[in-house]
Amino acid sequence: MRMNTALMDEALIIVGAGHAGGRAALTLREEGYSGRLILVGDEPHLPYERPPLSKGLLQGAMDLAGCSLCDRARLTELRIEHIAGNPVSRLEPQHHRLQLADGQWLSYARLLLATGGRARRLPQEQTNLLYLRTHDDALALRNVLRPGVRLVIVGGGFIGLEVAATARGLGCQVTLLEAGSRLAGRVLPPVISEALLDLHRLHGVDVRLNVALESIDAEAVQLVNGQRLPCDLVVVGIGMQPNIELAVAAGLDVGQGIRVDAYLRTSAPAIYAAGDVCEFRLGGLYQRQETWRNAEAQGRHAALNLLGRELPFETTPGFWSDQYDWGLQTVGVMTPLIVSRVLPDGGLLLFYLTTDGHLQGACGWAPGQRVAKDIKLCERLIAARIPLAAASLADPDLSLKQLLRG
Ligand SMILES: Cc1cc2nc3c(=O)[nH]c(=O)nc-3n(C[C@H](O)[C@H](O)[C@H](O)COP(=O)(O)OP(=O)(O)OC[C@H]3O[C@@H](n4cnc5c(N)ncnc54)[C@H](O)[C@@H]3O)c2cc1C
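This is a predicted model, so every value here is computed, not measured.

(A) Quick look at the pattern of salt bridges. This structure, assessed with the given rule, holds 22 salt bridges. Note that Arg90 is salt-bridged to Glu92, the shortest N-O span being 3.0 Å. For Arg90, a relative accessible area of 43% corresponds to the partly exposed category. Here Arg300 ties to Glu296 by a salt bridge, and the two come within 3.0 Å at their closest N and O atoms. Of the two residues, Arg300 and Glu296 are both situated in helix α10 (residues 292-306); the distance of four residues between them amounts to about one turn of the helix. With a relative accessible area of 36%, Arg300 lands in the partly exposed category. Salt bridges sharing common partners tie together Arg23, Glu30, Glu296 and Arg300.

Right under this line is the structure:
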């Protein structure tokens, strides 16, 4: 570790005890950092992963301990000071210090901002209107998803779709409203949007595309087209807003998220950012990634650079979603040049090629977990940069392993 001893006398502080923040704290210790390490969170819980919130935890098949990155004993053993339920309310980069909501000031040698995001909300507040971002949100929702409950979901993105699948499994009557012309249209190709639509309709979800909300009251959702949908409960899944306010108030460079350079360093000295809140350059463009994979990779990477390693962050993006008994997974960059392979089980693999025939992205959709294996092989094909013939990629009899062997 190349961190100088003067810096080691002061604390490393991580703001945001979610996935990226928690992973960074654990990595710092794994990498041998032995100085003071403080992890500050506004939630009352140990750092946890969010994907189960719309899946296993919402079904009741998992609990918070199953989603946590580590248990309390491990934090204690690693001497990670976890301050819970006490958000950072002020940051003073020029003085290397920050203030907590309870008034306490803390000084840092280096700081990581991993403040994630919150659910984007509709302007009105109502008791039958729920959102899903935190464990407590998931628990509140789980308590009301009973057989026969009439649920309207606003938003046909991943959160909305996963909640729809889980709610159907729990016996709810589900209507899903999407303003666009297809499901998850911002991130998925049309053929997968179609497959999602078919699957949800097959499972009895009343999916309505191209619809706009007029209003929501205690008994129904009113659409602009005049339709009224009586319901007991509305779940809104219309995206998330990055928690950038602390950084903005402290004068850090911010776009759609907290801007960082290739080393995940923000515009302020000794402050780094990671996870959903971090806006970094990928393929020449500033962007944020709202994925498990990114939180994991950037949390780890930021920890290394907090220790002075100065490694540029390089990534192959990717995400997954589970709905009913089907799995979706992507890796790399999804460009327009597509070759598709229909799988014997009805699944689909899409390959995205550069003009010179190299794989740079892939998307898989298939029953069960089989797609995970295929996407791992695609990731290796991307890294190997082997020129690939479209006909071979489309052929379900040619295994991806064979292609990898050249
Ligand atoms: C319901 C759900 C399902 C998902 N499913 C998938 C999936 O299937 N696949 C996938 O790839 N990704 C999925 N994701 C996305 C993935 O979970 C996120 O990308 C990941 O959690 C981001 O981690 P993070 O640490 O950046 O942010 P978070 O996990 O949100 O952690 C940030 C933490 O910082 C806290 N914080 C904010 N401001 C302050 C402050 N001022 N002081 C102290 N603490 C603060 C926040 O409250 C939060 O606890 C899902 C997300 C959700 C919500």
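(B) Expanded view of the domain arrangement of the protein chain. Looking at the protein chain, the domain boundaries give domain 1 (5-118 + 241-306), domain 2 (121-236) and domain 3 (325-404). On a C-alpha basis, the centroid separation for the pair domain 1 and domain 3 is 33 Å.

(C) The arrangement of the site of the ligand in detail. By nearness alone, 33 residues border the ligand, and Asp42, Glu43, Arg50, Lys55 and Arg133 come closest of all. Here an oxygen atom of the ligand sits 3.2 Å away from a polar atom, N or O, in the main chain of His19. Within the side chain of Glu43, an N or O atom sits 2.5 Å from an oxygen atom of the ligand. Protein burial of the ligand: of its 1,000 Å² of free accessible surface, 93% is covered by the chains. Every element with two or more residues in the shell around the ligand is listed here: α2 (19-30), α7 (158-169), α10 and β21 (318-323). Of the residues that constitute the shell around the ligand, the class distribution is 14 nonpolar, 11 polar and eight charged. Looking at which domains feed residues into the shell around the ligand, each of domain 1 (5-118 + 241-306) and domain 2 (121-236) gives three or more.

(D) Inspection of the pairing of strand β1 (residues 11-15) at higher detail. Taken across its five residues, β1 has five buried, putting it largely inside the fold. Of the two faces of β1, the one carrying Ala11, Ile13 and Val15 and the one carrying Leu12 and Ile14 are both buried. As judged from the four bridges shared by β1 and strand β2 (residues 37-40), these two strands associate in the parallel manner. Paired with Val15 across the two strands is Val40, which belongs to β2. For the handedness criterion, the β-α-β arrangement of β1, α2 and β2 is classed as right-handed.

Calculation criteria
- Residue positions are given per chain, counting from 1 as you read along its sequence in written order.
- pLDDT decides what is reported in this predicted model: residues at 70 or higher carry local features, side-chain atom pairs at 80 or more are listed and counted, and totals for whole chains, interfaces and linings draw on all residues regardless.
- Side-chain numbers come from the whole structure's heavy atoms, not from hydrogens or water.
- Salt bridges are defined by distance alone: a side-chain nitrogen of Lys or Arg within 4 Å of a carboxyl oxygen of Asp or Glu.
- In this scheme, a residue with accessible area under 20% of its type's maximum is buried, one over 50% is exposed, and one in between is partly exposed, where area comes from a 1.4 Å probe on protein chains only.
- Numbering of helices and strands runs from the N terminus, with a helix taken as a DSSP run of H or I at least four residues long and a strand as a DSSP run of E at least two residues long.
- Segmentation of the chain into domains, including their bounds, is taken from an automatic or database domain assignment.
- Near, as used in this document, describes a residue that has one of its heavy atoms within 4 Å of the molecule or strand being considered.
- Pairs of N or O atoms are called polar contacts if they sit within 3.5 Å, as long as, within protein, a hydrogen donor faces a hydrogen acceptor (for residues adjacent in sequence, only side-chain-to-side-chain pairs).
- To measure how exposed things are, a 1.4 Å probe is used in the Shrake-Rupley method; for residues, cover is taken only from the protein chains shown.
- Put simply, Ala, Val, Leu, Ile, Met, Phe, Trp, Tyr, Cys and Pro go in the nonpolar bin, Asp, Glu, Lys and Arg in the charged bin, and everything else, Gly too, in the polar bin.
- The pairing criterion for strands is at least two bridges between them, as found by DSSP.
- Whether a crossover is right-handed comes down to one check: with the strands pointing away from the viewer, does the path from the first strand over the helix to the second run clockwise; if it does, it is right-handed.

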